[in-house]
Amino acid sequence: MNYEAVIGLEVHVQIKTRSKMFTRAPAGYGHDVNTLTDPVVLALPGVLPVMNKAALDAVVKAGLLLGCEIAPVCKWDRKNYFYPDSPKNYQISQYDRPICLGGAVEIELPGPARNIQGEHKRIPLTRIHLEEDVGKLNHGALDSLIDYNRAGTPLMEIVSEPAMHSAEEAFAFLTSLRLAMIYAGISDCDMEKGQLRCDANISVRPAGQTKLGTKVELKNLNSISFVRDGIAHEIRRQIGVVNAGGVIVQETRDYDGLTGTSQSLRSKEMAHDYRYFPDPDLMPVKVDEAWKQRLQATCPELPFDKQRRFLSHYQIPYTITSVLIPDQALSNFFEEAVALAGIQQAQVVGNWIANDLLRELGAAKRALADSLLRPVHVAELVKLIEAGVLLMPAAREVFAEMFASGELPGAIVDRRGLRAVTNEGDLEQWCREALAGNPKSVADFKAGKESALNAFKGPVMKAAKGKANPKLVDETLRRLLAQSN
Amino acid sequence: MSSEPFFRSIGELSAALARGELSSVDLMRSVIARTEAVEPKVRAFNSFDREDALAQARSSDLRRAAGASLGPLDGIPIGMKDVIAVAGQPLTASSRMLANFVSPYDATVVKRLRAAGAICWGRLNLDEFAMGSSTENSAFQATANPYALDCVPGGSSGGSAAAVAAGEAIASLGSDTGGSIRQPAAFCNVVGLKPTYGLVSRYGLIAFASSLDQIGPFARSVEDVAILLGAIAGHDPLDSTSFHTGIPDYRAELDRRKGPWRLGIPKEYFGEGLDPEVAEAVQRAVAHYQKLGCEVKPVSLPHTEYGVGVYYIIATAECSSNLARYDGVRYGHRSKEAKDAVDLYFRSRAEGFGSEVKRRIILGTYVLSSGYYDAFYLRAQKVRTLIRNDFLAAYREVDAILTPTAPTPAFRRGAKADPLAMYLCDVYTIGVNLAGLPAVSVPCGFSQDGRPIGMQLIGQPYGEAELLGIARAYERDHPWAQKRPVL
Amino acid sequence: MSHSIDLNIDHVANLARLALTPEEKAQYATQLTEILSHIAKLKEVNVDGVEPTAHAFPLYNVWAEDVPVAGLPVDLALRNAPAQRDQMFAVPKVVE
Ligand SMILES: [Mg+2]
Ligand SMILES: [Zn+2]
């Protein structure tokens, strides 16, 4: 029998703020343990929460970006459960009135080949709400140690509809969502740092059946490839169980990406009853039109929209866009360089950036932000090549040199005497001398032996000390040979 | 008036300090000596630090000598209910759970009192986590009523009321969730004010029921309450439920508020269960207001009978969540028996909390649990709206509402073993918290056997200045609070 | 009291993480049943169309700007910890 998988994702995204969600203790990653706390973070007796305006802005912005409806009024609820990483033993979250409803994430599925664009789809969202993160537990052999640095960090929970049907779709969803959040400056979404975390609800059903199967919640999909592998594994597991005549039990499973296996978390099944109720320590939030408009103005173009624009406006190949678009800074770099070089040079500029620049950055282990080579360098380089002033092997050298030093290409060309000969009088004279010096090859060429032309190029280049434009040499030789009939 | 410094008013003391007749250190020594003398009988304090208090007094004297006195509270010892955080001092909530807890931070009210130069003096006993009406639920000791040592001082702020009544503090702070300032004030013959919800910051007050809790002052006169309120009231950016509102000079306003006022008498507060001596004392006070030219009108607060039910749903629901943080992980009592982290919760909480606290956590957990939320919590919040609307409707016709503070004078320790009977003591004070209104308990007489009686004046939202003016108008002619306990 | 109150004390105590003795359970069950039957009075009230009061004086948009303030030094953060190790709060092993 054929089975269809149904997948919904719950994605937690840490919001990049300077202070925590409900107190002004500093937020951050990589600090000494328990140095980012205050009485509120530690839930000492008597403390009260005060919400972070910037975190609210970030969620409204995320909602606008993903086409959600922004609730005119939303409120805070307490989700009550005991766990040592949760200092209050309740999490301040949003239950029945989240800040964002609906919306969608556009995804691209893999194309038939790497250089061919794949199918696009919109995965609908259920909601986005705002809450706070918990601390970190370090499990030892005999005890567990808690660091509350992360506790209270603003956290956005993005819930998709159960509308995906393969691990590839889930992977594409997460990739696209992640990139949108990075573009908008809402989060750095570094999964290694726990800034993006994903749980999946997965069920299978016989193809064609409309009723959903029993769902299993898969936790700890802590890297983007674990998301794909974990979901694929779970789908296979469920189909295996059903095919063997078994029944899927509703449970939570923990995926271990290193071994590629999952384990049931039975001990956590202690019937959850979160006893949600409105947090009496916090007042509701009203989002008016002016607020939305202010944030709308800060929303970036979504990555896929940018890609469509790059394809149509700059007429560059899909493969180049798929290098540029996932890196917002790189795609901006490209646009700046094209603006300086001229739109007809877009593809050439794109090639230099997607190939040479990335290669040099990689070799130097340098981030684009630290690059001495700026868009103006690429634009000037491309213009020098176009003008015939700079020839190809030399251009590569110039690129490496300006990457290393930040010197402008024109200056490098002049300093190193790399300027190609563009004086047509000189060139014509050298060509005439070459033809005169080799009548046999002239005859061969005229007899139809195309390759005979190469015999003249060496002497011309020698006369030009290597700085003649080969294309120009070729043209001049042909013109002179044609004339000598 | 009494010549002993410990029994003088803030007004008298600040004048004496200003004239140099007395130093703050003299005053503090007087209060310490009094405390040491009567504390074995009263047991109002969980702890106090003589040296720390004297050091604060010396600082005040130095400021004064340098001509930089900070106002009427500078150098005056103010006792703190042991649920208000003072940096470096114990903060126990009278619970075994927090027996060893030392606060690393100051509550906002404490910061404000320090800014006014007041001395933070002692940790005052209460019903554990402010849950109770008799201060018998303290894990450490039962405080006695200074006017009747075998009786309770009321609760939960029993220590705060008793200490002020007994001259162990010039004034004090308590907290009121369902009557926890007003009822002990009535039982102990002192003035106690529960401010409008949001007037005084709750930051640094151990939460019992967040939507109901307010910090408020106890003192031996309306004027002293006004002085203290002026120091602690006002918007606090650390409390999201705190209001932006102008803070008048409550003390200066007292004599400007002259009435005559229209006073509402709710019939629901004078029915079954009201002790005849209390009824009579309150009626005499009503008659006095009439003599002053006030118009006294019957009003109706028809949802009063539901108040206790609504209160015990909302308060216990909130407390079940507020007290979840006491788990023995980051601070507080930790069981030595725990096998693992989950077991640690069960045992630490079982050992750390007393029986009333556990009872309320269980009730609150139940009313929030799956399948019961709508029937209990949501319905209680709706009835709360009706209770609030009752008050707002009454205020279209009257300026304030006058009621007994408690149905009876102080009862004997151990007299109310049944929790429901204890809960029903709060019947006259609970509505005020549910509606978020200000209310003050003012002494209005004594029973035949010498137990104090208090009346409650309920004001309009943020109408503390007017409310205290009304209270002062009565007190001026009936200074019951000046009758000292014999200890 | 003849009111039937559906109170599963074991379940509720489990949610509240309270280890109760059999005596406590019996006592609480009786007392809470009495309290709940008093509370049951609320069912008499017609609350159709009544908005719930979460706050007596609701405000909106009470927030702070995102400006960090130095928090607690680690020694103060750990000051009241019942057990600590390596600058962290120690608890008996968390069994997953
Ligand atoms: Mg915890
Ligand atoms: Zn979440």
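Definitions and cut-offs
- Residues numbered from 1 in each chain as written.
- Chains lettered and ligands numbered in written order.
- Predicted model: local features only at pLDDT ≥ 70, side-chain atom pairs only at ≥ 80, totals over all residues.
- Heavy atoms only, no water.
- Helix = DSSP H or I, 4+ residues; strand = E, 2+ residues; numbered from the N terminus.
- Rg over C-alpha atoms; globule rule 2.2 N^0.38 Å.
- Buried < 20%, exposed > 50% of the residue type's maximum accessible area, 1.4 Å probe, protein only.
- Areas by Shrake-Rupley, 256 points an atom, 1.4 Å probe, with all protein chains shown as cover.
- Lys, Arg positive; Asp, Glu negative; His and termini not counted.
- Charge placed at Lys NZ, Arg CZ, Asp CG, Glu CD.
- Domains from an automatic or database assignment.
- Contact = heavy atoms within 4.5 Å.
- Buried area = accessible area lost by both parts, 1.4 Å probe.
- Salt bridge = Lys/Arg side-chain N within 4 Å of Asp/Glu carboxyl O.
- Polar contact = N/O pair within 3.5 Å; in protein donor to acceptor, adjacent residues only side chain to side chain.
- Nonpolar A, V, L, I, M, F, W, Y, C, P; charged D, E, K, R; others polar.
- Pairing = 2+ DSSP bridges.
- Donors = N, O, S within 2.8 Å, 3.2 Å for Na, K, Ca; no water.
- Expected span 1.5 Å × (residues − 1).

J.: Help me out: how do you make sense of the overall build of chain C in this one?
T.: Scanning chain C from terminus to terminus reveals three helices and three strands. By the compact-globule yardstick of 12 Å for 96 residues, chain C is too spread out, its C-alpha radius of gyration being 23 Å. In terms of overall dimensions, chain C has a C-alpha envelope of 55 × 45 × 25 Å along the principal axes. Across the 96 residues of chain C, 45% fall into the buried class. Counting only carbon and sulfur atoms, one obtains 52% of the accessible surface of chain C, whose full area is about 5100 Å². Taking the average place of the 7 positive charges on the side chains of chain C and the average place of its 13 negative ones, the gap between the two points comes to 8 Å.

J.: Looking at this structure, how should I read the domain arrangement of chain A?
T.: Residues and elements named next belong to chain A. For chain A, the assigned domains read domain 1 (3–295), domain 2 (303–415) and domain 3 (424–483). Each of domain 1 and domain 2 was reduced to a C-alpha centroid, and the two centroids are 37 Å apart. If you look at the interface, domain 1 gives 14 residues, while domain 2 gives 12 residues. Taken together, both faces of the contact between domain 1 and domain 2 bury some 1100 Å²; the carbon and sulfur share is 59%. Remark: the boundary between domain 1 and domain 2 carries one salt bridge. Linking domain 1 with domain 2 are four residue pairs in polar contact (both at pLDDT 80 or more), by the criterion used here. Taken together, the elements giving at least two residues each to the side of domain 1 that touches domain 2 come down to strand 8 (104–108) and helix 2 (167–183). The dominant element in the side of domain 1 that touches domain 2, judged by the number of residues it contributes, is helix 2, at five residues. Partitioned by chemical class, the residues of the side of domain 1 that touches domain 2 number six nonpolar, five polar and three charged.

J.: Whenever I open this one, the interface of chain C and chain A confuses me. Can you help?
T.: A common way to report how large an interface is uses the accessible area buried once the components associate. Residue-level contacts link 35 residues of chain C with 50 residues of chain A. Counting each side, the surface lost to burial between chain C and chain A is near 3700 Å², with a carbon and sulfur contribution of 62%. Taking the shortest distance from any N to any O, the salt bridge between Arg-85 of chain C and Asp-143 of chain A comes out at 2.6 Å. The interface formed by chain C and chain A holds 18 residue pairs in polar contact (both at pLDDT 80 or more) in total.

J.: Before we go on, may I ask you to explain the pattern of salt bridges in this structure?
T.: Between side chains of opposite charge, pairing is possible as soon as their charged atoms come close. Enumeration according to the criterion identifies 69 salt bridges over all chains in this entry. When the shortest N-O distance is used, the salt bridge between Arg-253 of chain A and Glu-251 of chain A registers 2.8 Å. The same class applies to Arg-253 of chain A and to Glu-251 of chain A, which are both buried. Glu-253 of chain B is the salt-bridge partner of Arg-256 of chain B, the closest N and O atoms lying 2.8 Å from each other.

J.: I keep staring at the pairing of strand 1 (residues 3–14) of chain A and nothing clicks. Help me out?
T.: It is a general feature of regular strands that their side chains alternate between the two faces of the sheet. All names here are of chain A. Of all 12 residues in strand 1, 11 are buried, a share of seventy percent or more. As defined by bridge partners, strand 1 adjoins strand 13 (residues 196–206) across 11 bridges and the pair is classed as antiparallel. From the neighbouring strand, Val-13 faces strand 13, where its bridge partner is Leu-196.

J.: What is the right way to read the coordination of the magnesium ion (ligand 1) from this model?
T.: Each pair of donors in an ideal four-coordinate tetrahedral metal site encloses 109.5 degrees, whereas pairs in an ideal six-coordinate octahedral site enclose 90 or 180 degrees. All names here are of chain A. The protein atoms donating to the magnesium ion (ligand 1) are Tyr-83 (O), Ser-86 (O) and Asn-89 (OD1), with metal-donor distances spanning 2.1 to 2.5 Å. When the donors of the magnesium ion (ligand 1) are listed by position in the chain, the intervening gaps give Y-x2-S-x2-N. You can call Tyr-83 buried: its relative accessible area is 19%. Taking relative accessible area as the criterion, Ser-86 reaches 2% and is therefore assigned buried.

J.: Just to check I follow, could you spell out helix 9 (residues 375–386) of chain A for this structure?
T.: Given 3.6 residues to a turn, an α-helix orients residues that are three or four positions apart in the same direction. The end-to-end C-alpha separation of helix 9 of chain A is 17 Å, in line with the 16 Å expected for 12 residues at 1.5 Å each. For helix 9 of chain A, the full list of buried residues reads Pro-375, His-377, Val-378, Ala-379, Leu-381, Val-382 and Leu-384 of chain A.

J.: Please explain the coordination of the zinc ion (ligand 2) as it appears in this structure.
T.: Residue and element names in this part refer to chain A. Each protein donor to the zinc ion (ligand 2) is listed here as His-12 (NE2), Glu-131 (OE) and Glu-157 (OE); together their distances run 1.9 to 2.1 Å. When the donor residues of the zinc ion (ligand 2) are listed from N- to C-terminus, their spacing reads H-x118-E-x25-E. Taken together, the residues span a long stretch of sequence, with His-12 in strand 1 and Glu-131 in strand 9 (residues 120–132) at a distance of 119 residues. Residue classification places His-12 among the buried positions, given a relative accessible area of 13%.

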